[in-house]
Structures are given as structure tokens and as C-alpha cells.
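Architecture at a glance
Given next are the chains, with one letter for each unit.
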Amino acid sequence: MENYDLIIIGGGAGAFAAAIKANELGAKTLMVNKGLPLGGTCVNVGCVPSKRLLWAGEVMHQAKHHNIPGIDIEIKNFDFQKVVEDELDLVERLRKEKYEKVLKHLEHVKFIDGKATFVSPNEIEVNPSTSSGETVQKLSAKKFLIAAGSTATVPQIESIREVGFLTHIEALKVKKQPKELIVIGAGAVGLEFAQMYARFGTKVTILHRGSSIFRGEEELITRLAEILTNEGIAIKTSVQVKSARKEGGKKVVSYIIDGKKEEVSGDEILLATGKTPNTQGLNLDKVGIEIDPSTHSASSGQAGTGQAIKVNPEFQTSQPHIFAVGDVTNAPLRLEPTAGRESTLAAENALKCTQNSIDYNSVPWTIFTDPQLAGVGLSEEQVIKQFGSCLCRTVSFEDVPKALIIKRTEGLIKIVIHEETKVILGVQILAPHAGDLIAQAMTLIKNKNTIDDVVNSLPMFPTLSESIKIAALSFTKDISKLSCCI
Ligand SMILES: Cc1cc2nc3c(=O)[nH]c(=O)nc-3n(C[C@H](O)[C@H](O)[C@H](O)COP(=O)(O)OP(=O)(O)OC[C@H]3O[C@@H](n4cnc5c(N)ncnc54)[C@H](O)[C@@H]3O)c2cc1C
């Protein structure tokens, strides 16, 4: 039986970061992937293709709604299929460049295209995909890293499987644009797909279990809901989806709202109700790896199914020689950068017995709608819970000169600080490119900066990043009475 220093289960963002680190350390490593192609969720069926389609929708929307008098742009043609083909070309290109080629250069890493299952704490069984049929291989290692990712959750809705549905995977490559789309779930994925399709001209209805979209009732989330509603997306919250059926060529979803039964029909149903960790089939109970029954999907704000692998801050499972990272775990954030970073650190912990961990509080998240909603650190509610009180300010982008210049004043920025020390504890931004702007806030939180540090900084004028300084100034000054660049 072949023996390795490290066996990595999975072939996505997490697996690749671990493979690169293990290769650097000269460890004899095996990567085993099956299911999604190399690169896993992010490049194939997640971040990359969804952001390309969102960008296509944004281009169309801005052409029509730039609000500059005297410019009238006519979109002569919109070919949905071509837009999707272009997105799929990008996926293929990035998968080749960033994963397949990268793997070839890792001289200490062997790859098997197969599904891994534990047969003992130091042994896996793999069914490699070969043209000559299935041969089971047994492989052993001193250390393991599980980076098996997650799969779209299918909630308990009567007849949903018979009626048929899309997940993010199919919704990124449909041949025919649905005229009407029912999106179940208003987490990051649900909102992004809802706006993407709405901007392509699809009539979209969102059905969401929570009382507001995403999570919580924060004013920025409420504002985003208003913006999406104004774009024509119907958002129904506090909804209990009951059943689905086919009727006259349409798919009909029945739900309870305000104690009453309602129905909505469409050409397709998109399930965006969270992700379920890929732990089934790994035989985890056989090797004594605990799962966390309370896990929920942080990235989507939706309840999950309690199948995530429980890890300690050093990414170790209940079996000390087996590590787990990314979407398959109960880590507080399930994102591409966290999967990658957890993995780099976990590989080092596994191979060098280090104790690296991540401060998740300084990791930003983003909903890539337009405007984007991004945040880092604590929310007002979390600060009050932790410290008993807090100081916070919310500033409109009406007060940000660049936003006036580009006619994008719909956004808000909120800063939460410690009442006594004035240390910045949390920042949330609803604005164009908020996902880029939040990088600055990430550094402020990481370095435990105060609002005075921000007030004494000199951001470029006119930029949207000035909004952070303007919000910091608003703690001590009436910003409506300030000139530009104060
Ligand atoms: C629509 C969508 C959009 C997203 N957009 C963003 C974004 O903009 N920014 C961001 O940061 N995050 C985004 N995410 C989240 C991000 O894609 C994931 O958090 C990240 O890709 C998880 O990486 P991973 O390595 O843990 O898992 P994955 O990338 O899913 O990789 C797991 C791999 O393991 C394989 N596997 C599973 N079981 C086995 C087994 N038993 N044996 C062998 N192989 C196995 C799987 O098939 C897969 O190839 C998005 C997610 C979705 C669904």
C-alpha cells in the first residue's frame, strides 16, 4: 500500500492551498478529488462564473440607468446564450491556468481522480476514474486534510424533486433564460442570482424564511432590500414554503405568509437555501471524527443540516492527525479566501506541528449585488451583546462627493466603535464596489485602529474610499457642514 505524509481529500480552493504548502515543505502528498472538476466550487460553479454574470447584468443596467442627461444608450441586442458561453469560457480558462497547470508544477503532489472514503484512521479507499473500469485503491498517510466542500441544500418542500429545480450549478449554465424565476432563499447566493437574472429581464420572486433578507434587520440590509425591490424583484419574507407542483407548463410554489396560503408560478425554481457539507460517504463515524450538529451556513444566512466537521481553532478534527478546512467544516465563515487560508495554515500545522489559526473577526464578507453589501468585524447588535453598549454612525453616500459625481448615492456606510477607546469594531458598507472598499476597513480592524487614526489619514479625493473617513468624522462633527477634503 502506498504511504504518504499527507492525503488531501478534495480538489477545490482549500485542497489546492494545502497542496501548494505541502509541496513547499517537500512532503509526499496525495490529492484525491471527485465530483466537481479540479478547482471545486469557486472557479467552476461559484465565485467566478456568478461574478461574470453579475457584471454582465451590471453593464446592461448601467447602460440604461446611468442618469446622465444627454446620453441615451440603446441596447440593440441581448443574447443570453452568448453571455453564458462567455462566462463558461472564463471558467475553463481559469480552471486550466489556476488549477490544472498549477497541479502539474507541484512535484511532490500526486493526484488521483476518485472518491475517497476512510476505511481506518490512517487509511482511505479510492475508486479512481479509469477507462479500464473501477479499481479500488487503498492508500495510507500519517496526516489527512479533508477539504471536501459542500453541496446545495435541498429543503423539505413537498414534491420539489418531482417538479425539478435549479441550484447555483445549473443556474450558471442554463441554455434558455427563464422568463419567470422563483428564488427560494435570500442569502448571498439567492440575492446575487435574483439580481443577475432580474437585470437580464427575468421576472424574479424571492421567497425567504427569515423576517428580512440575508440575516438581521440592520439598516443597510433593509436599504439593499428596498433597492432590489425598486429594480422590480418581488421579495417575500417570513415565508414558509410548503410544496411545489407543475401546472400548465409552469412550476408553482405554495407558501404560507402572514398565516395565509399564497402561490407563485415561474418557469424555474432556484434553490438557494444554504449548503450542506460533503461529509456523507466519507465514513467519518468509522474513524471517530465528530460532526457539529448545530452548524448553519454562515455564507448564506440559511439554516444548514448539521453535517459539518467540528474543528478546533487549529483546524484539527476530533482525530488529531486529521485536519479539515473550508465549506466542509463548522468554521464561522465559508468563503474562498477562508478555505484557502485555513488550508495553508492547516497543512503547516499537520506537517510541522505548528498551531496556526485565523482571526475570523477581521475577515470581510461581501454580497456581490449592485450595490454590493460588505462587512467586517462586529455588527452593532454583536457589540452591544459583547460590551453592553456601543457608539455607531451611519452615513449616506449622499455625503460622499465621488458618489454624487457618479450618481450612485443610494448606499450607506456604518461604523461601530468601542464607546471608551474609540477602537473601530465593525464596518459595513452598501455601495458600488463595497467588496473592494471593505479591504481598507479590514486593515483598520486587524490593526485595532481608532476613528482618530482614520480622521488623520488622507484618502484620495474624489473616491468612494473617502466614505470611511467621512463616516469616522461623523462621530465628532456635523458632516453636512464640512467642505470637501476636510
Ligand atoms: C454560487 C456561489 C457563489 C460564491 N461566491 C463566492 C464569492 O464571490 N466569494 C467567496 O469568497 N466565496 C464565494 N462562494 C463560496 C466559495 O465558493 C466556497 O466557500 C469555497 O469555494 C469552498 O472551497 P472548498 O475547498 O472548501 O470546497 P470546494 O471548492 O467545494 O471543493 C471541494 C471538492 O471536493 C470534492 N469532494 C467532495 N467529497 C469528496 C470525496 N469524498 N472524495 C474526493 N473528492 C471529494 C468536491 O467534488 C469538490 O471538487 C460562493 C459559493 C457559491 C455556491
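It should be noted that the structure appears before, not after, this text.
As the structure is a computational prediction, the values presented were derived from the model and not from experiment.

Let's talk about the overall build of the protein
When you go through the protein residue by residue, the secondary structure sums to 15 helices and 24 strands. Along the longest, intermediate and shortest principal axes, the C-alpha atoms of the protein span 75 × 60 × 45 Å. By the burial criterion, 52% of the 486 residues in the protein qualify as buried. For the protein, the share of sequence-separated contacts (at least 6 apart) that also reach a separation of at least 24 residues comes to 63%. Per element, the accessible surface of the protein, about 22100 Å² overall, is 51% carbon and sulfur.

Structural notes on the packing of aromatic side chains
Applying the stated criterion to the full structure yields 7 aromatic pairs. Through a chain of ring-to-ring contacts, the aromatic side chains of F78, F80, Y197 and F200 assemble into a single cluster. The ring of Y4 carries the charged tip of K28 above its face, separated from the ring centre by 5.0 Å. The aromatic ring of W365 is capped on one face by R215, whose charged end is 5.5 Å from the ring centroid.

Thoughts on the pattern of salt bridges
In a structure, side chains of opposite charge can pair up when their charged atoms sit close to one another. Applying the stated criterion to the full structure yields 27 salt bridges. Among the ionic pairs, K96 bridges to E92, the shortest N-O distance being 3.1 Å. Here K96 and its partner E92 are both found in helix α4 (residues 80-104), 4 residues apart, which amounts to about one turn of the helix. Under the relative-accessibility criterion, K96 is labelled partly exposed at 40%. Of the charged contacts, one joins E180 and K250 as a salt bridge, the two residues approaching to 2.9 Å between their closest N and O atoms.

A short note on helix α15 (residues 466-473)
When you tally the buried positions in α15, you get 8 out of 8 residues, the bulk of the element. All of the buried residues along α15 are E466, S467, I468, K469, I470, A471, A472 and L473.

Let's talk about the pairing of strand β23 (residues 412-417)
Taking burial as the measure, the 6 residues of β23 include 6 buried ones, the bulk of the element. Burial along β23 is two-sided: L412, K414 and V416 and I413, I415 and I417, pointing in opposite directions, are all buried. Bridging between strand β22 (residues 391-396) and β23 involves 6 bridges; their strand directions are antiparallel. Paired with V395 across the two strands is I413, which belongs to β23. Alignment of β23 against strand β24 (residues 424-431), held across 6 bridges, turns out to be antiparallel. Bridging across to β24, I417 finds its partner in I424. Between β23 and β24, which follow one another and run antiparallel, lie 6 residues, and K422 among them has a positive phi close to 65°.

Things to note about the site of the ligand
The full set close to the ligand counts 39 residues, and N33, K34, T41, K51 and D327 are the nearest of them. At 2.9 Å from an oxygen atom of the ligand is found a main-chain nitrogen or oxygen belonging to G14. Here the ligand loses 93% of its free accessible area of 1000 Å² to cover by the protein chains. It is helix α2 (residues 40-45) that provides the largest number of residues to the shell around the ligand, a total of 4 residues. Among the residues making up the shell around the ligand, the classes are represented as 17 nonpolar, 15 polar and 7 charged.

Description of the sheet that holds strand β11 (residues 250-257)
Across a sheet, strands are paired by hydrogen bonds formed along the backbone, either parallel or antiparallel in direction. The strand order across the open sheet formed by 3 strands is β10-β11-β12, and the pairing between neighbours is antiparallel. For this open sheet the edge positions go to β10 (239-247) and β12 (260-266), each flanked by a neighbour on one side alone. When the angles between neighbouring strand axes are averaged without regard to direction, this sheet yields 25°. Pairing geometry for β11 and β12, over 7 bridges, is antiparallel. Across the sheet, residue V252 finds its bridge partner in β12, namely S265.

Considering the nonpolar core
Of all hydrophobic cores here, the largest spans 40 residues; its most connected members are V183, L191, Y197, F200, V204, I206 and L373. Among the elements of the structure, α3 (47-65), α4, β7 (180-184), α7 (188-199), β8 (203-207), α8 (219-230) and β20 (365-367) are those that each provide at least two residues to this core. The greatest single-element share of this core, amounting to 7 residues, is contributed by α7. Setting aside chain neighbours within four positions, we find I206 in contact with V183, G185, A186, L191, A194, I233, A234, I235 and K236. Residues L6, L106, A147 and F323 belong to the second largest nonpolar core, which totals 31 residues.

A short note on the sheet that holds strand β9 (residues 234-236)
One open sheet holds the 4 strands; their spatial order is β9-β8-β7-β13, and the pairing between them is parallel. Unpaired on one side and paired on the other, β9 and β13 (268-271) mark the two borders of the sheet. Pairwise comparison of adjacent strand axes, ignoring direction, gives a mean angle of 20° for this sheet. As paired elements, β7 and β13 share 4 bridges and run parallel to each other. Bridge assignment links L181 to a residue of β13, and that residue is E268. Relative to β8, α7 is tilted by about 165°, and along the sheet it contacts β7, β8 and β13.

Brief notes about a nonpolar patch on the surface
A contiguous nonpolar patch, built from I68, I71 and I73 and spanning about 240 Å² of accessible area, is present on the exposed surface. Take I71: it is sitting in the loop between α3 and α4. Judged by its relative accessible area of 48%, I71 falls in the partly exposed class.

Examining helix α1 (residues 13-24)
The end-to-end C-alpha separation of α1 is 17 Å, in line with the 16 Å expected for 12 residues at 1.5 Å each. Buried residues of α1: A13, G14, A15, F16, A17, A18, A19, K21, A22 and N23, and no others. Looking at the buried positions of α1, the neighbouring elements they touch are β1 (2-9), β2 (29-33), α4, β3 (109-120), β5 (137-146) and α10 (336-352).

Rules of the game
- Within every chain, residues take consecutive numbers counted from 1 along the sequence as written.
- Local features in this predicted model are restricted to residues of pLDDT 70 or higher, and side-chain atom pairs are both shown and tallied only at a pLDDT of 80 or more, whereas totals for entire chains, interfaces and linings draw on every residue.
- Side-chain numbers here rest on the full set of heavy atoms in the structure, without hydrogens or water.
- Runs of H or I in DSSP of at least four residues are treated as helices and runs of E of at least two as strands, each being numbered from the N terminus.
- Any residue under 20% of the maximum accessible area for its type is buried, any over 50% is exposed, and the rest in between are partly exposed; the area is computed with a 1.4 Å probe on protein chains only.
- Working rule for contacts: check all heavy atoms of both residues, and any pair within 4.5 Å makes them a contact.
- Note on areas: Shrake-Rupley with a 1.4 Å probe; residue coverage comes only from the protein chains shown.
- Note on ring pairs: Phe, Tyr and Trp rings are taken, using the six-membered ring of Trp, and paired if centres are within 6.5 Å. Classes follow the plane angle, with under 30 degrees stacked, over 60 edge-to-face and the rest tilted.
- Whether a charge sits over a ring comes down to the Lys NZ or Arg CZ being within 6 Å of the ring centre and within 35 degrees of the ring normal.
- A carboxyl oxygen of Asp or Glu within 4 Å of a side-chain nitrogen of Lys or Arg is what we treat as a salt bridge.
- Each pair of strands is called paired provided DSSP finds at least two bridges between the two strands.
- It suffices for a single heavy atom of a residue to lie within 4 Å of a molecule or strand for the residue to be listed as near it.
- Counting of polar contacts relies on pairs of N or O atoms within 3.5 Å, with two restrictions inside protein: one atom must be capable of donating a hydrogen and the other of accepting it, and residues adjacent in sequence are counted only when both atoms are side-chain atoms.
- Note on residue categories: nonpolar means Ala, Val, Leu, Ile, Met, Phe, Trp, Tyr, Cys or Pro, charged means Asp, Glu, Lys or Arg, and polar means any other residue, Gly included.
- Lines are fitted to the C-alpha atoms to define the axes, a helix being fitted only along its stretch in contact, and any angle between axes, read from their N-to-C directions, falls within 0 to 180 degrees.
- We define the nonpolar core as a collection of buried residues of types Ala, Val, Leu, Ile, Met, Phe, Trp, Tyr and Cys that are connected through side-chain atoms lying within 4.5 Å of one another.
- Patch building starts from residues that exceed 30% relative accessible area and form no salt bridge, then joins like charges within 9 Å and nonpolar side chains (Val, Leu, Ile, Met, Phe, Trp, Tyr) within 5 Å.
- How far a helix is expected to stretch is found by multiplying one less than its residue total by 1.5 Å.

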